[in-house]
Every structure is written in structure tokens, then in C-alpha cells.
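Residues per chain, in single letters:
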Amino acid sequence: MVLPRRRPYGNNSFRRLVPVIALVCGGILVFLALVSFLMPPPVDTDHLRSRHNHVVPFGTGGGEGSNGALKLGVPIGGGRSNHDLWSSRFSKFYHGCSNASQKFGKAEDITVPNRFLMIATSGGLNQQRTGITDAVVAARILNATLVVPKLDQKSFWKDSSDFSDIFDVDWFIKYLAKDIKIIKQLPEKKGKSWTPYTMRVPRKCSERCYESRVRPVFSKRHIVRLTKFDYRLANRLGTDLQKLRCRVNYHALRFTDPILDMGRELVRRMRIRSKHYIALHLRRCYYGGGEKERKELGAIRKRWKTLHTSNPDRERRHGKCPLTPEEVGLMLRALGYGSDVHIYVASGEVYGGEETLAPLKALFPNFYSKDTIAMKEELEPYAAFSSRMAALDFIVCDESDVFVTNNNGNMAKILAGRRRYSGHKPTIRPNAKKLYRLFLNKGNTSWEAFTSKVRTYQRGFMGEPNEVRPGRGEFHENPSSCICEEPGAANAKRDQGSQKSGMEESDATRKDDQNMDDELEWIDPDDDEEEDDDQTGVQETGLANGSDLDYSVPGTEEQPELEEMLSD
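As the structure is a prediction and not an experimental result, all values here were calculated from the model.

Reading guide: rules and limits
Residues numbered from 1 in each chain as written. Predicted model: local features only at pLDDT ≥ 70, side-chain atom pairs only at ≥ 80, totals over all residues. Heavy atoms only, no water. Helix = DSSP H or I, 4+ residues; strand = E, 2+ residues; numbered from the N terminus. Contact = heavy atoms within 4.5 Å. Areas by Shrake-Rupley, 256 points an atom, 1.4 Å probe, with all protein chains shown as cover. Pairing = 2+ DSSP bridges. Axes fitted to C-alpha atoms, helices over the stretch in contact; angles between N-to-C directions. Salt bridge = Lys/Arg side-chain N within 4 Å of Asp/Glu carboxyl O. Buried < 20%, exposed > 50% of the residue type's maximum accessible area, 1.4 Å probe, protein only. Phe/Tyr/Trp six-rings, centres within 6.5 Å; stacked < 30°, edge-to-face > 60°. Lys NZ or Arg CZ within 6 Å of the ring centre and 35° of its normal. Disulfide = S-S within 2.5 Å. Core = buried A, V, L, I, M, F, W, Y, C linked by side-chain atoms within 4.5 Å. Lys, Arg positive; Asp, Glu negative; His and termini not counted. Polar contact = N/O pair within 3.5 Å; in protein donor to acceptor, adjacent residues only side chain to side chain. pLDDT = per-residue confidence, 0-100. 1 Å grid on protein atoms, 1.4 Å probe; cavity = no way out; pocket = protein on both sides within 12 Å on 5 of 7 lines; lining within 4 Å. Points joined across faces, edges and corners; volume = space filled by probe spheres on them. Nonpolar A, V, L, I, M, F, W, Y, C, P; charged D, E, K, R; others polar.

## Quick word on the overall build of the chain
Move 1: Helices and strands together make up the secondary structure of the chain, namely 25 helices and 12 strands.
Move 2: When contacts within the chain are restricted to residue pairs at least 6 apart in sequence, long-range pairs at least 24 apart make up 82% of them.
Move 3: For the chain, the exposed area adds up to about 29,100 Å²; of that, 53% sits on carbon and sulfur atoms.

Given below as C-alpha cells:
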């Protein structure tokens, strides 16, 4: 007889414990999940280390040493900031206003029949933009019909683009129809073409200057052609004429649809990568790169007869030399922009190439240009035309959350003014004179002290409303006549000021006043412009066909200054 096998008692007990064990494990998992959710984010150890290190140098001037120093002392994050990094304080209380007053006569009422003004612009895209803007105002002063300006095709840039290749010419004519009559080309005179009287006016020619030098010519000739037309109109004009400048620059001058579409696509691709981005415009100066750099820049200088040999150390001491890419990066980090910020560089080929840019890329690895976010085939229609390529950069810079420039060239000025007019979008200009001294001693200071001084020195250089006194600087950079203030602005400023203690407020005010004296060495252009090297107001025709010397005799073209070349 076979007895039934006895089942172990332990198996039954284990089975009864399984649900209990599962319940306990589940509870532990839920507890760990809650702890993980409620825990604070991990500490930025690099930032923490830099906060407590008061003697570690954070930069040695570039190259390999600089990159090594970055790891030691410069934090990855931007640290705390007492204001929004991506918007300007009080900007909501200001807006662009450029409508004409009721006393500003209509074009059909002030235009004299058979009186035509022709303009030959000079320089790169942005320098020519100022010329086009001022040409409209000059034609208005002279009661003349403006012929669509001729772009510079013969100087350094060798860009064969016509006005209609870059700007929407039909929109330009239509938008300004109430202010001035504009035609695309001169009408024929009994089947023959007209012969213009060619002359040049001095730089910063005032309204009275045009009336005394140019208007009398129209009594004998129907067509006047003004050559090398860049900065040939005074900085100070009546309010209605200044507002006309703004209507031209900020409304009538619109890029062609292909340029706009490509530029907006570049902006879209930057936005896909990050909600915010900085656009950076770089320009080059002698940075102390030794004999090799001196020789190379010397060779460039030989191409411009009017360019004097400068003392780079003196230029930097006076704040007239652009910051290096590394210095720009350190300034941005000190202002609060961390390494996760995306940067678009709107410059041509930077002197020194990757070696020069390496320290900046180490600080901000999310580093882009139109060449890196667009395919070669997409840029091919524009690549052979410097002004069209510059127009793409202009659009990306204009749409950026923050625009940073290490120079005070034409592009920087035009964009600064445009961004003020469009709501004071943050525009950072380095206070180069004071930052130079700070960078000179950066190896012997702590990051905290460096950051504090950068933020102090940059007050008045961040694109805030009323940073620049009305009437100071170029009008294209500071279009004060075209910016209106809302009634609540004064109260908002007073409320914020009352939040500070008396000592802090007086100290901040004192520092702001000191910085106002460093406003990029603001010069009143109307007071300090020379009469120029030309025979002002003298006829330049002398050729049988009446064409001007700038465009007809090989080798006589005026070469632009190196500063003008690099600024666009």
C-alpha cells in the first residue's frame, strides 16, 4: 500500500506571505518616487566651486591656457540676475511713432515738376541703407522727385546687386507716396536720355546746406546726381524730417520676398533649437597676436590709403577697439547668460578663424551661423552677393531676443536704432573703455568680483529706454524723435526706485552717471565732422557723357575705410 506524499507546511506559509511582500515593495517604490519628485535639483558643482573660490584665475588671454582656465573658475551657469535677461525694463511704456504731422505737406503739393534727384550710395549694405534713408529726406528738402538710388557696385564688396535685388522697390515707392514722389528710372526727353549734373555735398549737410548748395543748381539743370552718398545729411533736423527718416528706415525699406523667406527660415531654425537666442555681431581689431598678426593686418591696411596706422594699446585703452570673442563670452557669462544659451554669429569670416573663436565656443557650445543651420544649396542664390548675405544676417539679428555687438559699426548702429524703435529689445554694447581695464587684470581677481564689476560697468549699455540722451550719437542709432513714452512710464520708474534703500539707490545712481560719460565716446556728428576730402559742392562731371568720376574712370574710386568695410 502506497501512502500519499505529505506536502511541506512551509509552502503554504510562503504563498500566504507573497501578497504581503508585494504590498510592502510597492509601498517602498511609491515612497522613493515621491522622494525623488520632491527633492531639489542637483547642485551645479562648478558654479558652487566658483562661488567659494576667491583667488583662482579664470582667463589668461586666449588659446590653450584660456580653455584650461575656463574649467577652473568660470561657472557653467549664469548665476543670479536681478532682471529678466530676455527683455528690457519699462519697454512696454515706449513705442515707435513716426507718423507725419498735419502740417507736413503731401508729395503732390510740394514736388516741383521736372526736378529729379539721383543718388549713388556707398559702402556695404548697412552703410547704403543710411544713404537711401537720407536720400528720401534730401529729395523732400529739395522738392524733387527721387530716382530709385543706385547701389555701390564698384568698391571692396564688388556686389552687382541692384536696389530691386535686395529691397522691395514697389513697396518702397508705394509706402512713401504721400511723402515724396519716387520713380524707378528717368523719363526720356524727346526720345533721348537726360544728362545729370553730378556733384557731391559735404558730410552732415544740413537742410540749409542743401538749400544753398543744391537747390540753385535746379534753376539751370533738371537733374542733379549726388555721389558717394553716405552720411551726407545732418544728424539734427526738424521733427517731421526725422520722422520721415524713420518711416523710410523702419517701414519702407523692406527686403525682397526671397530674402525675407530665407531669413525667417533661419530664425525658425534657431527657435526650434531654443526658445531664446542671442545674435552676436563680431568685428576684428589687433588683439596682440604678435608679429604675424601685425603683418597680416598691415597688408589689409595698405589697400586703404586713408587708413592711418593706429596704436592698438591706445585704441583699446580708449574703448575704440572691439572686444575679443573670448572677452565677449566672459562679459555675457558675467551678465547672467549660462552655457545652455544659443548664440547666432552674424559675421563674415573672423580673422584667426577657429582659433580665435575657440574660447567663445568653450563658453557657449550652442554656437551657430547661417552656414551651420542652412544647407549650401539653400544659400547658393545669395552666396555670391555680399549684401544679400548681410541681409540674411540682418533679419536673424533683428528677430533675436538679445543682440550683442563688440563694435560700433554701421550694422550695429542700424540694428540698435531699429530695436529701440521696435520696443527696446535688449541690445548689449560693451562699455569697452572700462571693460578693457577689467580684462587686463582678470587673472588676479575672483569671478564674483569680476561679475559685479561687469554688471556695474554695463549699466547704460543694455538697450534700456533713455540710456542715451536724445540728440546724442547718430540718429540712425538713437532715433529719439520717433520714440514715444506712455503716461505710466515715470510712475513705474519711481515705484522701482522706491524699493531700493537710500544708500543703494544713491550708489547705483552715481555709477550710472559715471557710465553715461563712457557712452562709446559719443560725438555729436554735426559738430565734429570735417568738410571731407572732396571739393564740396564742386561739379564732378567734366566727362563728355556727364557721368561722375566715381563710376567711370578706373582706379579713381574712393576706397572705403577699413572700419566701414568690416562694419557691414
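## Comments concerning the sheet that holds strand S5 (residues 197-199)
Move 1: One open sheet holds the 5 strands; their spatial order is S4-S3-S2-S6-S5, and the pairing between them is parallel. The open sheet is flanked by strand S4 (182-183) and S5, the only strands paired with a single partner.
Move 2: Across 3 bridges, the pairing between S5 and strand S6 (residues 223-226) is parallel. Residue pairing in the sheet places Thr 198 in a bridge with Arg 225 of S6.
Move 3: Docked against the sheet, helix H5 (residues 125-141) engages strand S2 (116-119) and strand S3 (145-147), running at close to 160 degrees with respect to S2.

## A few points about the sheet that holds strand S10 (residues 402-405)
Move 1: Spatial ordering of the open sheet is given by S9-S8-S7-S10-S11, a layout of 5 strands whose pairing is parallel. The outermost strands of the open sheet, each flanked by one partner alone, are strand S9 (367-368) and strand S11 (427-428).
Move 2: Looking at chain direction, strand S7 (residues 277-281) and strand S8 (residues 342-345) are connected through 4 bridges and run parallel. Bridging across to S8, Tyr 277 finds its partner in His 342.
Move 3: Across the sheet, helix H10 (residues 257-273) touches S7, S8 and S9, and the angle it forms with S8 is around 160 degrees.

## Topic: the pattern of salt bridges
Side-chain pairs of opposite charge can arise whenever the charged atoms involved come near each other.
Move 1: Inspection of the entire model under this criterion finds 19 salt bridges.
Move 2: Among the ionic pairs, Asp 134 bridges to Arg 245, the shortest N-O distance being 3.0 Å. Taken together, the positions of Asp 134 in helix H5 and Arg 245 in helix H9 (residues 239-252) put the pair 111 residues apart, joining distant regions of the chain. Like Arg 245, Asp 134 is buried.
Move 3: Between Arg 247 and Asp 179 there is a salt bridge, with its nearest N and O atoms 3.0 Å apart. Taken together, the residues Arg 247 in helix H9 and Asp 179 in the loop between helix H7 (169-175) and S4 connect sequence positions 68 residues apart.
Move 4: On the basis of relative accessibility, which here comes to 5%, the residue Arg 247 falls in the buried class.

## Some remarks on the packing of aromatic side chains
Move 1: Tallying each qualifying case throughout the model produces 10 aromatic pairs.
Move 2: When the ring of Phe 163 is compared with that of Phe 172, the centres are 5.1 Å apart and the planes differ by 50 degrees; the resulting orientation is tilted.
Move 3: In this structure Phe 163 comes out as buried when scored by relative accessible area, which is 3%.
Move 4: Measuring from ring centre to ring centre gives 5.6 Å for Phe 167 and Phe 255, while their planes differ by 15 degrees; the resulting arrangement is stacked. One end of the pair, Phe 167, is in the loop between helix H6 (163-166) and H7; the other, Phe 255, is in the loop between H9 and H10, with 88 residues separating them in the sequence. By the burial criterion, Phe 167 is buried, and Phe 255 matches it.
Move 5: Through successive ring pairs, a cluster of aromatic residues spans Phe 163, Phe 167, Phe 172, Phe 255 and Phe 394.
Move 6: Above the face of the Phe 104 ring, Arg 140 is positioned so that its terminal group lies 3.7 Å from the ring centre.

## As for the state of the cysteines
Move 1: Counting across every chain of the model gives 3 disulfides.
Move 2: Paired by a disulfide, Cys 205 and Cys 209 hold their sulfur atoms 1.8 Å apart. In this structure, the disulfide formed by Cys 205 and Cys 209 twists by about -95 degrees around the S-S bond and is classed as left-handed. You'll find Cys 205 and Cys 209 in the same group, each marked buried.
Move 3: Bridging Cys 246 to Cys 482, the disulfide has an S-S length of 2.0 Å. Between Cys 246 and Cys 482 the disulfide shows an S-S torsion of about 95 degrees. By sign, it is right-handed.

## Some points on the nonpolar core
A general tendency of soluble globular proteins is for nonpolar side chains to be buried together.
Move 1: Ranked by size, the top nonpolar core spans 73 residues in total, and within it Leu 117, Phe 172, Tyr 210 and Phe 255 carry the most contacts.
Move 2: Excluding residues that lie within four positions of it along the chain, Phe 172 makes contacts with Ile 132, Val 136, Phe 163, Ile 182, Val 248, Ala 252 and Leu 253.
Move 3: Counting 31 residues, the second-largest nonpolar core is a separate cluster that includes Ile 278, Ala 334, Ile 428 and Leu 438.

## Structural notes on the pairing of S8
Move 1: Neither face of S8 is exposed, since His 342 and Tyr 344 on one face and Ile 343 and Val 345 on the opposite face are all buried.
Move 2: Where S8 lies against S9, 2 bridges are found, and the strand directions are parallel. Among the inter-strand pairings, Ile 343 is bridged to a residue of S9, identified as Phe 367.

## Re the side chain of Arg 429
Move 1: Here Arg 429 lies in the loop between S11 and helix H19 (432-440).
Move 2: No salt bridge is formed by the buried Arg 429, whose closest oppositely charged neighbour, Glu 467, lies at an N-O distance of 4.0 Å.
Move 3: A polar contact of 3.4 Å, which involves the side chain of Arg 429, links it to the backbone oxygen of Gly 460.

## Focus on the confidence of the model for the chain
Move 1: Chain-level statistics for the chain give a pLDDT mean of 78 and a share of 67% at 70 or above.
Move 2: Between residues 500-514, whose pLDDT stays under 50, and residues either more than four places distant or in other chains, the model counts 8 contacts.
Move 3: Below a pLDDT of 50 lies the segment residues 520-567, which in the model reaches 115 contacts outside its immediate sequence neighbourhood of four places, other chains included.

## Section: empty space enclosed by the protein
Move 1: Going through the model one piece at a time under the given rule, you end up with 5 cavities of 30 Å³ or more.
Move 2: Here the second largest cavity defines a volume of roughly 60 Å³.
Move 3: Of the residues belonging to the lining of the second largest cavity, the class tally is 5 nonpolar, 2 polar and 2 charged.

## As for the side chain of Asp 240
Move 1: For Asp 240, the position within the fold is in helix H9.
Move 2: Nearest to the buried, unbridged Asp 240 among oppositely charged side chains is Lys 103, at 5.1 Å.
Move 3: For Asp 240, the side chain forms a polar contact with the side chain of Ser 101, separated by 2.5 Å.

## Description of unusual backbone geometry
Move 1: Even without being glycine, Asn 114 reaches a positive phi, approximately 55 degrees.
Move 2: Examined against the element boundaries, Asn 114 turns out to sit in the loop between helix H4 (107-110) and S2.
Move 3: One non-glycine residue, Tyr 231, lies in the positive phi region at around 55 degrees.
Move 4: Relative to the helices and strands, Tyr 231 resides in the loop between S6 and H9.

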